[in-house]
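Structural overview for review
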Amino acid sequence: MNNFEFKNPTKIIFGKDKIANLAKEIPAKAKILLLYGGGSIKTNGVYDQVLKALSGFEVVEFGGIPANPEYAILMKALQVIKSQKITFLLAVGGGSVIDGTKFLSAAAVYEEETPWNLLTSGKPILKGMPFASVLTLPATGSEMNSGFVLTRKETKEKLAAGGPALYPLFSILDPQVISSIPKNQIANGLADAYTHVLEQYMTYPNDAMLQDRFAESILQTLVEVAPAILKDPSDYNAASNFMWCCTMALNGLIGQGVPQDWAVHMIGHELTAMFGIDHACTLAIIAPSHYRYNIEAKKEKLAQYAERIWGITTGTIDEKAQAGIDKTEEFFHSIGIKTRLSEYTPDYSGAAEKISKRFTARGWLGLGERQKVAPADVAKIVEMCY
Ligand code: NZQ
Ligand code: ZN
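Keep in mind it's a predicted model, so treat the numbers as computed, not measured.

Scanning the protein from terminus to terminus reveals 15 helices and eight strands. Relative to its length of 386 residues, the protein is compact, with a C-alpha radius of gyration of 20 Å against a globular reference of 21 Å. Looking at the 386 residues of the protein, the share that counts as buried comes to 57%. A sequence separation of at least 24 residues applies to 77% of the contacts in the protein between residues at least 6 apart. Total accessible area computed for the protein in this model is approximately 16,100 Å², and 52% of it derives from carbon and sulfur atoms. When the 38 basic and 40 acidic side-chain charges of the protein are each reduced to a single mean position, those positions are 5 Å apart.

What follows is the structure, given as structure tokens:
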């Protein structure tokens, strides 16, 4: 196991009707900017619950943050923060709204002129306006981590940033909010959380027995809960287990002291930037090919995964590893997610070369746990997904 330091300061308030607790958690006299997405909160009752809970506060609203939060729109929210002298940000939504809010937290106190530099500088973000979240869609783990991902349409870029200042002060997780989520978004949440675990697990053995079993327990729970939550999103038992899995998959815990990969996400973000494909679907497209292409480097963990998650106990290490990848792809199919790029867009043919060139231009010359996945390998992995 590698050395590590771990601190996650986000307070989680989990359970039925916990949105009512909001007022107790927000600093007195805060002037709040309430941020939300395209309007689902207005039809499922979450908006009303939030406003009721905030009745003693001065609240300004900013709605319309789109899925894959867009820089140009957030820059309008930044103007509101400055002109209205906002002191606290409250994200009510899924990963996109929470990520957009994290960017605004950093941008609100940023001293340089162009906030986009927060995403290109590569520097950890150490200052931010206080913010919190009411999670409406389990998937990203953004409610309990310090990262965010922004899209910029004018340049077709999707970049990530983060830092210790960007943990939410608190996040409210009421599994009842899941009942209004469309099936495809629930499937996205399952696939995103599943892949978050894989990115921190599917590397090479590192004698981190507990981290491996934390990771495996999240994968097993997601597999077990998937049919129930897809069948009935108002099944509270399924919803609460699904929600907590998504948070635990990317709140830092399972990644301590272990090598991490993240190539699937880095390549996947390009597919969202180029074709607008949902984040989780890009992961289901890339992950099987990434593991097939890198099977030699990852086969011990792939075989362990095949045994412990999918019960594959016969065959050589290579056979088990291969079976583990096949099972992963089958899992994505079983929740209704397609795994070939050509099933999402007819314009896929130049994607491999374009992504590979972009990575070269950015100096991303070695991805993965051993920094050995070069742009030429990325091109081959993307071609394998066509
Ligand atoms: O915008 P509204 O109307 O609210 O509708 C949303 C949106 O259309 C809808 N939705 C959310 N909660 C709902 C609901 N509909 C009905 N009932 C509810 N309770 O779902 C749609 C998708 O929402 P979005 O927030 O975009 O989804 P998700 O949570 O999957 O977030 C995706 C974004 O997070 C980034 C992704 O790249 C993508 O931009 N990620 C963030 C990470 C992080 N911060 O740690 C890690 C991830 O790997 C990921 O990259
Ligand atoms: Zn993800």
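What follows continues from the structure just given.
Now for the sheet that holds strand β1 (residues 11–14). A sheet is described by the order of its strands in space; here six strands give the open sequence β1-β8-β5-β4-β2-β3, paired in parallel fashion. Only two strands of the sheet have a single neighbouring strand rather than two, namely β1 and β3 (58–62). For this sheet, the mean angle separating the axes of adjacent strands, direction not counted, is 20 degrees. Here strand β4 (residues 88–93) runs beside strand β5 (residues 131–135); their pairing, made up of five bridges, is parallel. Bridge pairing in β5 places Val92 opposite Val134. Lying on the sheet, helix α4 (residues 71–83) is in contact with β2 (31–36), β3 and β4; it crosses β3 at an angle near 160 degrees.

Along the chain, Gly257 turns up in the loop between α9 (236–249) and α10 (263–275). On a C-alpha basis, the gap between Gly257 and Glu5 in space is 8.7 Å, while along the polypeptide they are 252 residues apart. Every residue in contact with Gly257, bar those within four places of it in the chain, is listed here: Met1, Asn2, Phe4, Asn206 and Gln211.

Before going further, it helps to examine the coordination of the zinc ion (ligand 2). Distances from the zinc ion (ligand 2) to its protein donors, Asp192 (OD), His196 (NE2), His265 (NE2) and His279 (NE2), fall within 2.0 to 2.1 Å. Sequence spacing among the residues donating to the zinc ion (ligand 2) works out to D-x3-H-x68-H-x13-H. Here His279 lies in helix α11 (residues 279–293) and His265 lies in helix α10, a separation of 14 residues in the sequence. When sorted by exposure, His265 lands in the same class as His279, which is buried.

Attention shifts here to the site of ligand 1. As a structural note, the neighbourhood of ligand 1 is formed by 33 residues, with Gly38, Ser40, Gly95, Ser96 and Lys158 the closest of them. One of the side-chain nitrogen or oxygen atoms of Ser96 is found 2.5 Å away from an oxygen atom of ligand 1. Here a nitrogen atom of ligand 1 and a side-chain polar atom of Ser180 are 2.7 Å apart. Elements represented by at least two residues in the shell around ligand 1 include exactly α5 (95–108), β6 (147–152), α7 (183–201) and α10. Split by residue class, the shell around ligand 1 holds ten nonpolar, 20 polar and three charged.

This paragraph deals with the packing of aromatic side chains. By the definition in use, this model includes twelve aromatic pairs. Arranged with centres 5.9 Å apart and planes meeting at 70 degrees, the rings of Tyr36 and Tyr47 form a pair that is edge-to-face. Note that Tyr36 is positioned in strand β2 and Tyr47 in helix α3 (residues 46–53), a separation of eleven residues in sequence. Given a relative accessible area of 13%, Tyr47 falls into the buried group. Judged by centre distance (4.9 Å) and plane angle (55 degrees), the rings of Phe359 and Trp364 are tilted. Taking relative accessible area as the criterion, Phe359 reaches 0% and is therefore assigned buried.

Examined against the element boundaries, Met75 turns out to sit in helix α4. Judged by relative accessible area, Met75 falls into the partly exposed class, the value being 24%. The spacing of Met75 and Arg213 is 138 residues in sequence and 42 Å in space, taken between C-alpha atoms. With residues near it in sequence (within four places) discarded, Met75 still touches Phe103 and Pro115.

Moving on, we come to the packing of α7 against helix α12 (residues 295–310). As a packed pair, α7 and α12 sit with axes 11 Å apart at the nearest point and diverge in direction by 140 degrees. Between α7 and α12, the interaxial angle falls into the category oblique. For the crossing formed where α7 meets α12, the hand is right-handed. Taking contact as the criterion, the partners of Tyr194, Leu198 and Tyr201 in α7 are, on α12, Lys301, Gln304, Tyr305, Ile309 and Trp310. Across the contact of α7 with α12, the residue classes tally to six nonpolar, one polar and one charged.

You will see that Lys156, though not glycine, has its phi angle at about 50 degrees, which is positive. Note that Lys156 resides in the loop between β6 and β7 (157–162). The exposure class of Lys156 is partly exposed, given its relative accessible area of 43%. Phi at Asp207 is positive, roughly 55 degrees, even though this residue is not glycine. On the accessibility criterion, Asp207 (69% relative accessible area) is exposed.

Cut-offs and rules
- Residues numbered from 1 in each chain as written.
- Chains lettered and ligands numbered in written order.
- Predicted model: local features only at pLDDT ≥ 70, side-chain atom pairs only at ≥ 80, totals over all residues.
- Heavy atoms only, no water.
- Helix = DSSP H or I, 4+ residues; strand = E, 2+ residues; numbered from the N terminus.
- Rg over C-alpha atoms; globule rule 2.2 N^0.38 Å.
- Buried < 20%, exposed > 50% of the residue type's maximum accessible area, 1.4 Å probe, protein only.
- Contact = heavy atoms within 4.5 Å.
- Areas by Shrake-Rupley, 256 points an atom, 1.4 Å probe, with all protein chains shown as cover.
- Lys, Arg positive; Asp, Glu negative; His and termini not counted.
- Charge placed at Lys NZ, Arg CZ, Asp CG, Glu CD.
- Pairing = 2+ DSSP bridges.
- Axes fitted to C-alpha atoms, helices over the stretch in contact; angles between N-to-C directions.
- Donors = N, O, S within 2.8 Å, 3.2 Å for Na, K, Ca; no water.
- Near = heavy atom within 4 Å.
- Polar contact = N/O pair within 3.5 Å; in protein donor to acceptor, adjacent residues only side chain to side chain.
- Nonpolar A, V, L, I, M, F, W, Y, C, P; charged D, E, K, R; others polar.
- Phe/Tyr/Trp six-rings, centres within 6.5 Å; stacked < 30°, edge-to-face > 60°.
- Parallel < 35°, antiparallel > 145°, perpendicular 65-115°, else oblique.
- Left-handed = near helix turned anticlockwise from the far one by under 90°.

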